[in-house]
Amino acid sequence: MEATNSRLDVAAVGDLVLLDPLTEESLLQTLQERFRRGDIYTYIGNVVISVNPYRSLPIYGPEAVQEYHNCNFFAVKPHIYAIADDAYRSLRDRDRDQCILITGESGAGKTEASKLVMSYVAAVCSKGEEVDKVKEQLLQSNPVLEAFGNAKTVRNDNSSRFGKYMDVEFDFKGEPLGGVISNYLLEKSRIVRHVRGERNFHIFYQLLAGGSAQLLQQLKLRQDCQHYAYLNQETSDVPGMDDAANFRAMQDAMRVIGFSPAEVTALLEVTAVVLKLGNVQLSGSYQASGMEACSIAESQELQEICSLIGLDPSVLEQALCSRTVKARNETVLTTLSVPQGYYGRDALAKNIYSRLFDWLVNRINTSIQVKPGKQRKVMGVLDIYGFEIFQDNGFEQFIINYCNEKLQQIFILMTLKEEQEEYVREGIKWTPVEFFDNTIICNLIENSKGGILAMLDEECLRPGVVNEDTFLTKLNQLFATHKHYESRETQNARHVMDASLLPHCFRIHHYAGKVTYNVSGFIEKNNDLLFRDLSQAMWAARHELLRSLFPEGDPQKVSLKLPPTAGFQFKASVATLMKNLYSKNPNYIRCIKPNESKAPLLFTPELVLAQVRYLGLMENVRVRRAGYAFRQLYSSFLGRYKMLSPRTWPRWAGGDREGTEVLMEDLAFPPEELAFGHTKIFIRSPRTLFDLEKRRQERVVELAVLIQKMFRGWRCRTQYQLMRKSQILISAWFRGHRQKNKYQQTKRSALLIQAYVRGWKVRRQHRRRFRSGASACLSNFIYRRLVQKFLVGLRKNLPPLSVLDQTWPPAPYKFLADANQELRSIFFRWKCKKYLEQLSPQRRALLQAKLCASELFKDKKSLYSKSVQQPFQGEYLGLRQNPKYQKLQAVAKDKLVMAETVRKVNRASGKTVPRLLLLTTEHLVLADPKAAQPKTVLSLSDIRSVSVTRFSDGFLVLHLKETSTGGAKGDFLLVSDHLIELVTRLHQTLLDATSQGLSLHITDQFSTRFQKGDMAVTVVESAKAGAGAPICKKRGSHKMEILVH
Ligand SMILES: Nc1ncnc2c1ncn2[C@@H]1O[C@H](COP(=O)(O)OP(=O)(O)OP(=O)(O)O)[C@@H](O)[C@H]1O
Ligand SMILES: [Mg+2]
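A quick note: this is a predicted structure, and the numbers were derived from the prediction, not measured.

## Remarks on the nonpolar core
Working step 1: In terms of nonpolar packing, the biggest core is built from 187 residues, with Phe148, Ile352, Leu360, Ile452, Phe506 and Ile589 touching the most fellow members.
Working step 2: The element best represented in this core is helix H13 (residues 338–368), accounting for 13 residues.
Working step 3: Once residues lying within four places of it in the same chain are set aside, the contact partners of Leu360 are Val144, Leu145, Phe148, Met254, Phe259 and Leu267.
Working step 4: Counting 31 residues, the second largest nonpolar core, distinct from the first, contains Tyr864, Leu974, Leu990 and Leu998.

So this is what it looks like as structure tokens:
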């Protein structure tokens, strides 16, 4: 409430809009009273008037920052922080780029105000490592720029000698990202000259006072200011200013901004060069041709400069003392007079310094610039040199005042003219307020066709003799009748006698007062020419920084085109600045200087009144009182405040104006507080706006809570639904899993039970079957085992393979006896077969014969056993060898089976006679041994049977068929030594021939048929008979006894 009270305090209202009565006196009184109380800030609506206190006030601490942070502009005590806060919030919350225009004359406190705004914004925007770094860099640009661009003037100990516009860039959250600094026309003439009581730029004094002995030695400087021609014109110290400390602060600031030590050194070296250039003395002489010439009076300084910048001293000397002129494709070197030489030297010093300053600003910009591509909001702070009226005003003052005139124009346009025009445009009832429009003065200066600057440029470019007189004459002609232009000539014409206006001067009636400008130096300063020899010499230096400052010195890039004039450049940059400012929402800080002596608590009413007048504060208050404090397009207004009425929130379906009307109707503000224009709503008092804002803030909190509530609800719901879904899924999976497990277990159990049951069943069946067939099975098994063992054993112990070997292992078990026997016989047969297979056919036939013999006689006749050992030879006679038997051999031919000698029993006597017996395949031949003649030839088919005895004798009877021809005498009784063989072969031959074997009788009694009748033959065993030779004895005619042994 204190603030409100302070505003409504009748003796010293905080807002001049509330002043009653509104007169120049009351306004002045109010400002004075407030100044006395230490309230240096006063409002006119949202314009801040700041009166320089020239003392430090306890109103800028962190508590003050806290107090004004997020405050309502109209609710707190007027303060520069309030406007800074308002602008910052408008930028952050309403997304409107801002500019803070700080105006006022030199020493009114603009630079201080701009620093306060910056430090406030830095203090309230968010913190963080990166943000703090940016903030520090932005803030630290001030000491550096002030060191190089500020100087003590008669009006201000720290006067800005350049214009500065700084765009601070923020992101959407309001965090500073960086910035861009633009500088306007440095007052470089100060380098070589300044009026009494003033100083050169601070940096020179700071460097000499604060630089260490080592640094000064490195820069080839002396600590003594008096030594330097550019400095010694006045005292070097300013009371209350510690140059050495400021130098250290500047060095620290450079470090913070990001200057490398090498860059700092280079910067100081170039600064030292400028200082030392002032000490280069020239001495004059005359050439043989009578031309004036100059030379370096004392080369020490020049050599030091050259060693600092890495240049051959002779090059610089030549550039300073002579000039190359090009005439008709010829280059001529002309000497310079001493004043020309000094002019060149000073121009060089000024150029080096002003270019160094531009480089400095660019270098700071490189550090603080924002990376391209980022969305940004901008707050521009303009701190430009203030309006200046000196005893002797030159080109610089003209430029500075022109710039201030333009700023005033903006102020007038935006606060007075445009506002009133807007009321008319919007159809609001309005009584016009008179004010001074300075457009006429701006036009006088800047008009591109006939303005003073255009005339100056024209004069500079004009061929022929050019000097300020022709320029002034031209102005006098052009503006003879101009209300704001005066000169001796125009005064004379108007019959005004004013001794203060000297012949070489012209006067302009600026918005802030009349300023008389001396035209001398205008052309030269506007041309701002530097002899090409000098820029080429600078370019030739090895010092990188210095070299980079003079790109035009590169002989490759020589351009005959004249560079744009200083006035033209300044006009262009002011136009850009104006365009920039017009695009932003302006916030005004109007600085007032209370006295000329920089004294605290001293308020000079006349001085302040003059400022109040030219600043147009009275008009400002009047327009403000009659008008409306706030206006906004219906759409934006509705967009911002529609949440205050349930009818417009959350959506308004109708037009923006209707919506706004409905909204304001619901809010029930007094009708006189509002006016509805064609496109905008107007709100008369800030209080209403404040109220509106307050309600909005409360509502925003409500809505934020609602949104939070909804969001939290939504978040919880979503989370719950997600959890539920997840839970269902998990339980489904779990149930599935459990069921699957259960099923698997049941299945396993069922399979187990099944297996058990099947096993049990099978076992039961098996038990049953086992019981019935087990014994058989077992015995079978055992039987098979025994048989197997037996057979395997047999295989291992097979008897020898000889056929004569009869051995055979006995059967181990009785039940195997038959099988064993069978095997034995099989084995034997097999042995025989094998044996047989390896026999020759003859041997085989022999054995077959033996076998046949065995079949016929074995166990039937005793002789057989004896015959077994005897081999069957068949041919016992040797028919082939003995020629005696030739005939017989012919009989036998190839059919001989057997030949031997037998004895034939005489049928009648029973005596025996030898006979040769031949058995062929067809016949049986009996031959006489002596004659070897066949006696009897019997066909084998004639033989009916053969009878032999049981004993071991060779007796045999050949029983013949009755029909046989050879047996006419009856049967033959023969005794053979090879009876067994003979009978056997006979049998075999018969078998082969007739396939009917021999009918053999082994008997003791048989009957034979003789020619004389049958004879009964009886075999008698008797010792009389010899071995093998039986004895036949005839007993009667029909009986015969055969004695055998
Ligand atoms: N708010 C303030 N509190 C205390 N002293 C102040 C304040 N504003 C200005 N001053 C004093 O006034 C002096 C001049 O102020 P400042 O340099 O800001 O003027 P200016 O308007 O920038 O002048 P110029 O146009 O010459 O640059 C400062 O050096 C300071 O001593
Ligand atoms: Mg300043």
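## A few points about the coordination of the magnesium ion (ligand 2)
Each donor-metal-donor angle would ideally measure 109.5 degrees in four-coordinate tetrahedral geometry, or 90 or 180 degrees in six-coordinate octahedral geometry.
Working step 1: Every protein donor of the magnesium ion (ligand 2) is listed here as Thr111 (OG1) and Ser160 (OG), and their distances to the metal cover 1.8 to 2.1 Å. Residue Thr111 is found in helix H5 (residues 110–124), and its partner Ser160 is found in strand E5 (residues 159–160); the two are separated by 49 residues along the sequence.
Working step 2: Look at Thr111 and you get buried, because its relative accessible area is 13%.
Working step 3: The buried category is assigned to Ser160, whose relative accessible area is 7%.

## Comments concerning the sheet that holds strand E31 (residues 1039–1044)
Working step 1: Pairing is mixed across the open sheet formed by 4 strands, whose spatial order is E28-E29-E31-E30. Two strands lie at the open edges of the sheet, namely strand E28 (1005–1010) and strand E30 (1031–1034), each paired on one side alone. Across the sheet, the mean angle separating the axes of adjacent strands is 30° when strand polarity is ignored.
Working step 2: In this sheet, E31 lies alongside strand E29 (residues 1013–1021) in parallel orientation, the contact comprising 6 bridges. Residue pairing in the sheet places Val1017 in a bridge with Met1040 of E31.

## Comments concerning the side chain of Ser952
Working step 1: In this fold, Ser952 is placed in the loop between strand E24 (943–948) and strand E25 (955–960).
Working step 2: Looking at Ser952, its side chain comes within polar contact range of the side chain of Lys866, at 3.1 Å.

## Considering the pairing of strand E21 (residues 912–920)
Working step 1: Pairing between strand E20 (residues 896–905) and E21: 9 bridges, direction antiparallel. Looking across to E21, one finds that Val902 is bridged to Arg915.
Working step 2: Adjacent in sequence and paired antiparallel, E20 and E21 are bridged by 6 residues, among which Gly910 carries a positive phi angle near 85°.
Working step 3: Bridge analysis of E21 against strand E22 (residues 923–928) gives 4 bridges, and the strand direction is antiparallel. Pairing of Leu918 across the sheet is with Val925, part of E22.
Working step 4: Connecting the antiparallel pair E21 and E22 is a turn made up of 2 residues.

## Topic: empty space enclosed by the protein
Working step 1: With the rule as written, the count across this model stands at 3 cavities of 30 Å³ or more.
Working step 2: The calculated volume of the largest cavity comes to roughly 90 Å³.
Working step 3: Surrounding the largest cavity, 13 residues form its lining, Met118, Val121, Ala122, Leu138 and Val168 being those nearest its centre.
Working step 4: Going through the elements one at a time, H5, helix H6 (129–149), strand E6 (163–170) and strand E12 (377–383) are the ones with two or more residues in the lining of the largest cavity.
Working step 5: When residues in the lining of the largest cavity are grouped by element, the largest group, 4 residues, is from H5.
Working step 6: Residue classes in the lining of the largest cavity are distributed as 12 nonpolar, no polar and 1 charged.

## Overview of the site of ligand 1
Working step 1: Taken together, 19 residues form the shell around ligand 1, and within it Asn52, Ser106, Lys110, Thr111 and Ser159 come nearest.
Working step 2: Relative to its unbound accessible surface of 620 Å², ligand 1 loses 86% to contact with the protein.
Working step 3: Elements with a minimum of two residues in the shell around ligand 1: H5 and E5.
Working step 4: Here the element with the most residues in the shell around ligand 1 is H5; it accounts for 3 residues.
Working step 5: Grouping the constituent residues of the shell around ligand 1 by class yields 5 nonpolar, 10 polar and 4 charged.

## Focus on the packing of aromatic side chains
Working step 1: Counted under the stated rule, the structure contains 36 aromatic pairs.
Working step 2: Note on Phe204 and Tyr353: the rings are 5.4 Å apart at their centroids and 40° apart in plane angle, and the pair reads as tilted. Of this pair, Phe204 sits in helix H7 (residues 202–210) while Tyr353 sits in helix H13, and the two are 149 residues apart along the sequence. For the pair Phe204 and Tyr353, one class covers both residues: buried.

## Digging into the state of the cysteines
Working step 1: Tallying each qualifying case throughout the model produces 0 disulfides.
Working step 2: Cysteine Cys294 is unpaired, with the sulfur of Cys321 as its nearest cysteine sulfur at 4.0 Å.
Working step 3: Residue Cys294 is classed as buried on the basis of its relative accessible area, which comes to 7%.
Working step 4: Lacking any disulfide linkage, Cys832 is separated from the closest cysteine sulfur, that of Cys852, by 17 Å.

## Re helix H28 (residues 817–837)
Working step 1: For H28, which comprises 21 residues, the first-to-last C-alpha distance of 29 Å matches the rise-based estimate of 30 Å (1.5 Å per residue) to within 8%.
Working step 2: All of the buried residues in H28 are Asn820, Phe827 and Lys831. Buried residues of H28, viewed axially, fall in a sector of 40°; they line one side.

## Some remarks on the environment of Leu475
Working step 1: Mapped onto the elements of the fold, Leu475 is located in helix H17 (residues 468–478).
Working step 2: In this structure the C-alpha to C-alpha distance between Leu475 and Trp808, which are 333 residues apart in sequence, comes to 166 Å.

## Here we look at the packing of helix H4 (residues 80–94) against H5
Working step 1: As a packed pair, H4 and H5 sit with axes 9 Å apart at the nearest point and diverge in direction by 55°. The angle between H4 and H5 places the two elements in the oblique class. The chirality of how H4 crosses H5 is right-handed. Of the residues in H5, those touching H4 at Ile80, Tyr81, Ala84, Asp85 and Tyr88 are Ala113, Leu116, Val117, Tyr120, Val121 and Val124.
Working step 2: Across the contact of H4 with H5, the residue classes break down as 10 nonpolar, no polar and 1 charged.

## Observations regarding the side chain of Lys377
Working step 1: Within the fold, Lys377 resides in strand E12.
Working step 2: Classification of Lys377 as buried rests on a relative accessible area of 7%.
Working step 3: Only 3.3 Å separates the side chain of Lys377 from the backbone oxygen of Leu91, close enough to count as a polar contact.
Working step 4: Reaching out from Lys377, the side chain makes a polar contact with the backbone oxygen of Arg92 at a distance of 2.8 Å.
Working step 5: Apart from residues no more than four positions distant in its own chain, Lys377 is found in contact with Leu91, Arg92, Asp95, Asp97, Val168, Glu169, Phe170, Asp171 and Phe172.

## Topic: the layout of surface pockets
Unoccupied space between atoms shows up once a probe the size of one water molecule is rolled over them.
Working step 1: Taken as a whole, the largest pocket holds about 1,600 Å³ of empty space.
Working step 2: As for the largest pocket, its lining consists of 48 residues, and the residues nearest its centre are Arg355, Asp528, Leu529, Leu530 and Pro563.
Working step 3: Breaking the lining of the largest pocket down by element, the ones donating at least two residues are strand E7 (176–184), strand E10 (322–327), H13, helix H14 (395–425), helix H19 (522–527), helix H20 (532–540) and helix H22 (566–582).
Working step 4: The element best represented in the lining of the largest pocket is H13, accounting for 7 residues.
Working step 5: When the residues that make up the lining of the largest pocket are grouped by side-chain class, the tally is 19 nonpolar, 13 polar and 16 charged.
Working step 6: Considering only enclosed or pocket space, the second largest pocket measures out at about 1,300 Å³ in volume.

What counts and what doesn't
- Residue numbering note: each chain is counted from 1, following its sequence as written.
- Going through the entries in the order they are written, you letter the chains from A and number the ligands from 1.
- Where totals are concerned, whole chains, interfaces and linings use all residues; where local detail is concerned, this predicted model gives features only for residues with pLDDT of at least 70, and gives and counts side-chain atom pairs only at 80 or more.
- Side-chain measures were taken over the full set of non-hydrogen atoms in the model, leaving aside hydrogen atoms and water.
- Nonpolar core, defined: a set of buried Ala, Val, Leu, Ile, Met, Phe, Trp, Tyr and Cys residues in which side-chain atoms within 4.5 Å join the residues together.
- Per-residue accessibility, obtained with a 1.4 Å probe over protein chains only, is compared with the maximum for each type, and a residue is labelled buried under 20%, exposed over 50%, and partly exposed between these values.
- Per the convention used, a helix needs a DSSP run of H or I reaching at least four residues, while a strand needs a run of E reaching at least two, with both numbered from the N terminus.
- Any two residues having at least one pair of non-hydrogen atoms within 4.5 Å are treated as being in contact.
- Keep in mind that water is not among the atoms, so a site may look incomplete; donors are the N, O and S atoms within 2.8 Å of the metal, or 3.2 Å for Na, K and Ca.
- Each pair of strands is called paired provided DSSP finds at least two bridges between the two strands.
- Axis angles are defined between N-to-C directions and span 0 to 180 degrees, where every axis is a line fitted to C-alpha atoms and, for a helix, only to the segment in contact.
- Residues adjacent in sequence count toward polar contacts only when both atoms are side-chain atoms; beyond that, a polar contact is any pair of N or O atoms within 3.5 Å, and within protein one must be able to donate a hydrogen and the other to accept it.
- Space inside and on the surface of the protein is sampled on a 1 Å grid over the protein atoms alone, with a cavity defined as a set of points where a 1.4 Å probe fits but cannot get out and a pocket as an open set with protein on both sides within 12 Å along at least 5 of 7 lines; lining residues have an atom within 4 Å of a point.
- Grid points are joined across faces, edges and corners, and a volume is the space filled by probe spheres set on the points.
- Classification used: nonpolar for Ala, Val, Leu, Ile, Met, Phe, Trp, Tyr, Cys and Pro, charged for Asp, Glu, Lys and Arg, polar for all others including Gly.
- When at least one non-hydrogen atom of a residue lies within 4 Å of a molecule or strand, that residue is treated as near it.
- In these tables, accessible area is a Shrake-Rupley quantity obtained with a 1.4 Å probe, and a residue counts as shielded only by the protein chains included in the view.
- Any Phe, Tyr or Trp ring, taking Trp's six-membered ring, that has another such ring centre within 6.5 Å forms a pair; planes under 30 degrees apart are called stacked, those over 60 apart edge-to-face, and the others tilted.
- What counts as a disulfide here is a pair of cysteine sulfur atoms lying within 2.5 Å.
- In this analysis, the expected span of each helix is defined as 1.5 Å times one less than the number of residues it contains.
- Each direction from the helix axis to a C-beta atom contributes to the arc, which is the arc of those directions.
- Just so you know how the angles are binned, under 35 degrees is roughly parallel, over 145 roughly antiparallel, 65 to 115 roughly perpendicular, and the rest oblique.
- In this scheme the crossing of two helices becomes right-handed for a clockwise turn of the near helix relative to the far one and left-handed for an anticlockwise turn of less than a right angle.

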